[in-house]
Every structure is written in structure tokens, then in C-alpha cells.
Amino acid sequence: MSKHNQREAYGKALVQLGGENPDIVVLEADLGNSTRSILFQQAYPERYFEMGIAEQNMTSFAGGLSLAGKVPFVNTFAVFAAGRAYDQIRQSIATAKLNVKIVGSSAGFSDFGDGATHQAIEDMAIMGAIPNMTVLAPCDALETVEAVKAAATLDGPVYLRLCRNDLEDIFPKNIPYQIGEPIVLREGEDIAVFTTGIMAHEALKAAKTLEEEGISLHVVHVPGIKPLDEPAVLRQLSGKKAVITCEEHSIRGGLSMLISYLLRNEGVPMECVAVMDVFGQSAGSHEELMGFYGLDAGTICQKARRLLGK
Amino acid sequence: MREGQIVLQEKARQLRKDIVEMVGVGKAGHLGGSCSLADIVAALYFSKMRHDPQNPRMPERDRLLLSKGHAALVQYAALAECGYFDKKWLKSLKQLQSPLQGHPDMRKTPGIEANTGSLGQGVSLAAGLAAGLKLDNNSAKVYVVVGDGELAEGQIWEALMASVNFHLDNLCVILDRNGLQATGKTDERFCIEPIREKFLAFGLEVFEIDGHDMGQILDALDKADQVSGKPTAIIAHTVKGKGIPFAENAAAFHNGTLTEEQFTTAMKMLEEEGGLE
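In every chain, residue numbers begin from 1 and rise along the written sequence. Starting at A for chains and at 1 for ligands, labels are handed out in the order in which the entities are written. Restriction of local features to residues with pLDDT of at least 70 applies here, the model being predicted, together with a cutoff of 80 or more for giving and counting side-chain atom pairs; totals for whole chains, interfaces and linings are based on all residues. Side-chain descriptors were evaluated using all non-hydrogen atoms of the structure, hydrogens and water having been removed beforehand.

## Side note on the packing of helix α1 (residues 5-23) of chain B against helix α9 (residues 214-226) of chain B
Residues and elements named next belong to chain B. Under the convention used in this document: Helix axes use the C-alpha atoms of the stretch in contact, all axes being lines fitted to C-alpha atoms, and the angles between their N-to-C directions lie in the range 0 to 180 degrees. Only DSSP runs of H or I reaching four residues or more are called helices, and only runs of E reaching two or more are called strands; each is numbered from the N terminus. Throughout this description, any angle smaller than 35 degrees is read as roughly parallel, any larger than 145 degrees as roughly antiparallel, any in the 65 to 115 degree range as roughly perpendicular, and the remainder as oblique. Note on definitions: a residue-residue contact is assigned when non-hydrogen atoms from the two residues lie within 4.5 Å. Residue classes follow a fixed rule: Ala, Val, Leu, Ile, Met, Phe, Trp, Tyr, Cys and Pro count as nonpolar, while Asp, Glu, Lys and Arg count as charged, and any other residue, Gly among them, counts as polar.
At a minimum axis separation of 10 Å, α1 and α9 run at an interaxial angle of 105°. By the angle class used here, α1 and α9 are roughly perpendicular. Contacts between α1 and α9 pair Q5, L8 and Q9 from the former with M214, G215 and L218 from the latter. Partitioned by chemical class, the residues of the contact of α1 with α9 number three nonpolar, three polar and no charged.

## Section: the nonpolar core
The line we're drawing: In plain words, nonpolar cores are sets of buried Ala, Val, Leu, Ile, Met, Phe, Trp, Tyr and Cys residues tied together by side-chain atoms within 4.5 Å. With a 1.4 Å probe rolled over the protein chains alone, any residue whose accessible area is under 20% of its type maximum counts as buried; one over 50% counts as exposed, and the rest are partly exposed. Here the bounds of each domain stem from an automatic or database domain assignment.
In this structure, F61 and F194 of chain A together with L31 of chain B are the most contacted members of the largest nonpolar core, which totals 141 residues. Built from parts of two domains, this core gets at least three residues from each of domain 1 (3-168) and domain 2 (183-307) of chain A. Apart from the residues within four sequence positions on either side, F61 of chain A is in contact with L27, F49 and M51 of chain A together with S124, A127, G128, A131, A162, F166 and L168 of chain B. Core analysis: the next-biggest nonpolar cluster, separate from the first, contains 59 residues, Y44, L162, C163 and A242 of chain A among them.

## Here we look at the interface of chain B and chain A
Basically, it comes down to this: By convention, the term buried area covers the 1.4 Å-probe accessible surface removed from two parts as they join, with the contributions of both added. By definition here, a salt bridge exists when the distance from a side-chain nitrogen of Lys or Arg to a carboxyl oxygen of Asp or Glu is within 4 Å. Here a polar contact is taken to be a pair of N or O atoms separated by no more than 3.5 Å, where protein atoms must pair a possible hydrogen donor with a possible acceptor and residues adjacent in sequence count only if both atoms sit in side chains.
Chain B puts 24 residues into the contact, and the matching count from chain A is 24 residues. Here chain B packs against chain A, burying approximately 1,900 Å² in sum over the two surfaces, 59% of which is carbon and sulfur. For the pair chain B and chain A, the interface holds one salt bridge. Between D136 of chain B and K70 of chain A there is a salt bridge, with its nearest N and O atoms 2.6 Å apart. Viewed at the interface, chain A and chain B are joined by twelve residue pairs in polar contact (both at pLDDT 80 or more). A total of nine residues in the side of chain B that touches chain A trace back to one element, the largest contributor, which is helix α5 (residues 122-135) of chain B. Across the side of chain B that touches chain A, the residue classes break down as twelve nonpolar, eight polar and four charged.

## Comments concerning the state of the cysteines
Here a disulfide denotes one covalent bond, and it connects the sulfur atoms of two cysteines. Residue and element names in this part refer to chain A. Spelled out, the test is: Here, two cysteine sulfur atoms that lie within 2.5 Å of each other are counted as a disulfide.
A full pass over the atoms with the stated rule returns zero disulfides over all chains. C246 carries a free sulfur, and the closest cysteine sulfur to it, the one in C272, is 8.8 Å from it. For C246, a relative accessible area of 0% translates into the label buried. Among the residues examined, C272 registers a relative accessible area of 18% and is labelled buried.

## Focus: unusual backbone geometry
The omega torsion across K226 of chain A and P227 of chain A is -5°, close enough to zero to call that bond cis. Tracing the chain through its elements places P227 of chain A in the loop between β11 (217-222) and α10 (230-235). Cis geometry marks the peptide bond from E193 of chain B to P194 of chain B, where omega comes out at 0°. Tracing the sequence through the fold places P194 of chain B in the loop between α7 (186-189) and α8 (195-202). The backbone of D277 of chain A sits at a positive phi, close to 60°, despite the residue not being glycine. If you check the backbone angles, N137 of chain B has positive phi at about 55° while not being a glycine.

## Some words on α1 of chain B
Since the α-helix turns once every 3.6 residues, residues separated by three or four places project in the same direction. All names here are of chain B. Convention followed: One less than the number of residues in a helix, times 1.5 Å, gives the span that helix is expected to have.
Given a rise of 1.5 Å per residue, 19 residues ought to cover 27 Å, and the 27 Å separating the end C-alpha atoms of α1 matches this to within 8%. Three or more residues of α1 are buried, namely Q5, L8, A12, R13, L15, R16, K17, D18, I19, V20, M22 and V23. Remark: G24 follows α1 within two positions and exhibits a positive phi of approximately 65°.

## Re the sheet that holds strand β13 (residues 270-275) of chain A
Residue and element names in this part refer to chain A. For the record, the criterion: Here, strands pair whenever DSSP counts at least two bridges between them.
Strand order in this open sheet of five strands is β9-β11-β10-β12-β13, and the pairing throughout is mixed. What marks the edges here is a single partner per strand, and that holds for β9 (183-186) and β13. The mean angle between the axes of side-by-side strands here comes to 25°, regardless of whether they run parallel or antiparallel. Note that strand β10 (residues 191-196) and strand β12 (residues 242-250) share five bridges and pair parallel. The partner of F194 across the bridge, within β12, is T245. Each of β10, β11, β12 and β13 is contacted by helix α11 (residues 255-262), which is oriented at about 150° to β12, the strand it contacts most. Contacts from helix α13 (residues 297-307) reach β10, β11, β12 and β13, with the element oriented near 160° to β13.

Shape descriptors only; they carry no functional weight alone.
So this is what it looks like as C-alpha cells:
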């Protein structure tokens, strides 16, 4: 399997969409090299707005561009996109259901070196709580391209969460991408594992490990936390003895809570793999942080064994 | 005196009457900051702006956004007077399921251009809109009204910098300098001066007027059209509660309640010939 980068895939997808749709415009707050929005600047400089390091103005300004019929993509790190400009997203954009795409780059612990101030672990909870908002968290570069295309087509605000680091290609090429539609990455018998964002990679690793122990994981990637196709999620439970949810995000307000609520009457044992209400910190690698906060294949294996009493 | 000035003054008086009607008796309403804007809004909707009530989304229309969204009443009054919707709607202000919300909602009210109310965001919205119109070579103008108390919001200054950076000469920022905010005199609550010097330093072309002098309002709006390469700001010195003597310069009527007697007095004063003077 080859590795690719979501940011790079995003930047290239934007350029392609920019060629197809002259109304697409891109805004950046001085992180264009990192978010890869700079690729759009190189292709379509007249439709690229360098807004300075002023995320709040950038976000409302994007709302204004959409009032003129444009389809703005707003770029900065996830922690600033969803945090610094929260009120602008809520008030200027979401209440009017304006057609603005907010792209949160370097989400979760993927900006491992920069520490807590740069690690968004609550961005999906904040964005998901806003009415009219769609929240997408692709698992790899391939899905990122599909998510960007879908976001550009959807008429309304979208929050797109991207990882900073290279990821293996795992998104199946033969399944059409649809917002909110869960995707089975690996068929299994015993435990339904629901992941979002990059946690699909850890779940697939765990499934391989557990296969040798006679435990079969059914790995289902949820392409974002909102909207959630609830009947489709429930269908994946059929015949399973237990459920595990996995997200590189706070336990509060993310996928785990949504699935817990959805399964409230199902009587099925459940475990969650998530950030347990703490901030991150600096570390030498993304993997190191994922291990430290229990967001890895090893943790998923432990929880699976416990659920099955093994 | 400019042609049509008397007519516009009459329109402003009508807007004030409609504002008082909307505030009504015993209900809280943003009377003061709506009345301070009545002359400017009358000049825009009944003279200056290119717009069509029969075609509220006409692409080449000039736009007015109230960053100080709590002054929605004056815009509702003007939109109704223009015929964007039935004047009967005004009675439903802030009632459950009403198309007229406490703050402007473009999805509920014809003629409203953006959702504002969280202070400090309107100039950014207006600037983005102006930038988008420029991309399409659309010659429409964007007017945005900010309150003086609102100038404490940092995002306003981000937006002004961006407007200058992108040479948005189709953007005109109108400051409603009525000198009062919710809890008292703006200058005593929080120092925002020197405003003119700040606007100039940020790179805007600045005009300073009496915001109740129709001639000065129209002149400034015309002069703003002549500026190219940069956005304009009109500092309009106004009186909060203008036209209703007991509410003039009274912070209590920022979001005040009228008694039956006050309501009657206000309507009487506005109905009297030359009631504004």
C-alpha cells in the first residue's frame, strides 16, 4: 500500500474543482504552505484571498463572498478554524445556511510537535453542535478528494477535518462516496467497530492482530459525524456481540456519544476509544501521542478482548 | 436644499413612526439606535440605492447591511415602506414564527442581505460581499452600518484592514456615532476615539457629517461614489432616539420599554408638522 497526504490531496482537489467551477474561491490565514491552499493560489491567483493572520474576519468575509454567489473554502488549522472563528461560523454563516466550506487542517494530534494549543480535539463537537452544519472526517487522501468534491456540491456550510501526516490508502475505490454513509472497510463477525477520521487505520491493524486470536472485527468507517445515516449504522450491528467506537477526538460530543445515543435501546455492550477529556501536548511523533492517549490498535485490541471476556 | 430632500425627511419621519409602532407599549425594543439611523436609511432606500422591491435578489442591486443588527427595526420599516413586504408584518415583530426577527435574518425577511446581530461581524460580511461583486465585475455598492459602541469589537478593525488591502472602493462603512451604548455614554464606558484618525490611519477615505442633515447625508454618499481604490467611511454624528424628545440621548431607550403615555407622546410628536426640529 502506498501512503499519501490528505492536505496535498485536498490542495490538488481544490485546483481541479477551481477549473470546473469559476465560483470557487479560497481564503487563507498565512498557513497556505501547510494547508496546501497555496496550490490554488498558484493556479487561480485572482480567486485566492490571503486574509492575513485574522481568522475571525476571514470566516465572516467568506460568508460575504458566498452572499455574492461564490463558493468559498476557508483554510487554517482545525484548532483555529473551529475555535477562534466559532462565533463567526455560527452567526455569519450557519444561521443563514451560507455556502461556505471550512477546512480544519492539522486536526487531532497530527500537529504533534506544537502541543496543546495547536491540537484540535474538540473541533467536531463544536462544529457538530451547530445547526445546518455538515461535519466530514475522511480517513485517507483518497477519501479526502471525494469529500472535497461532495462538499463543493452541497449547498450549505461544511466543516472538513484533515490530518497533517501521510496515511496509507485504504478507502475502497469501488464504493461511491456519499456524505453520512458508513463504509464497511472489513467484514467481520464479532464486534462492530465504528471509526471516523484516521482511526480506521488503527481499527484495521487491530482487526489483523485479533484475527490470529480468533476475534473478528467488523470495521465500519463513518465519513464524518454529521449527518449520520442512523439506519445504516444500525444495520451494521446485525449479529454482532458488541460495539467499539474510535475517534481521534474528545469523548465529549464526538462519534462515541452519537453512537451511544443511537444504540441507547439496543442493549449491546460498548467501549469507546477517544481522548478522555484532556488536552494534548508536544511529542516526537503523531504515533507517540496516539499511543499515549490510547488511540491505537493496541487499545482497540484490549477493549475488544474485554468485551468478549477473553 | 437638494431636490427631494423634503420628501426624504418625510420618509424618515414615517420610519420613526413605524419604529415606535413596532416597539409598542410595554415591550422591550431597540428604539434609540433605530431612530438615530432613520435619516440615513431613508436616504439610502428612497434615493441613493439601486434596488427593486419586486425583485429583491436582483444581482445588480446595492446592498445595505446593519452590522449593528439590533437596529433591524429601521430597516424593517424601510423595507415595508418600499413594498418588500406588507406593512402588516411590522406588527408581528419578534413574535413566534414571525418573518421579522429581533435581529436581521436573510432567510426570513425579503430585502435583508445577511444575518447580523453578533456585533463586529457585519463589516467582514460586507467586505466579502464587496470583494465577490468585484470578481464578477458587478458595479453594485455595499453599505454597512456599524455602531460606535461596536467599534470596540476587534473584528471590525480586521475587516477594515482587509477592505483596504483588497481596494474595496465599492464598500462604504457608515458609523452611527450616536454616542451611547447599552450601559451609558460610549466615550465614558470605553475609549474608542480618535475614530477619524484611526479610520484614516487604516487607509479609508473618511467623511464626517451630521447624520440627521439630509443634504449632508446625500452629499457624503455621492462623494463616496467618487472615491476609487479604497473603501470609504462616513462618520455620521447622530442622536440616539432622534425625533422622540424624551428618548433622545437616553441610554435607557437603547432597548427600552414605552409606557402607554410615552407611546402616545412619541406618536404625537412624530405626527406634528416638523416634529423632528
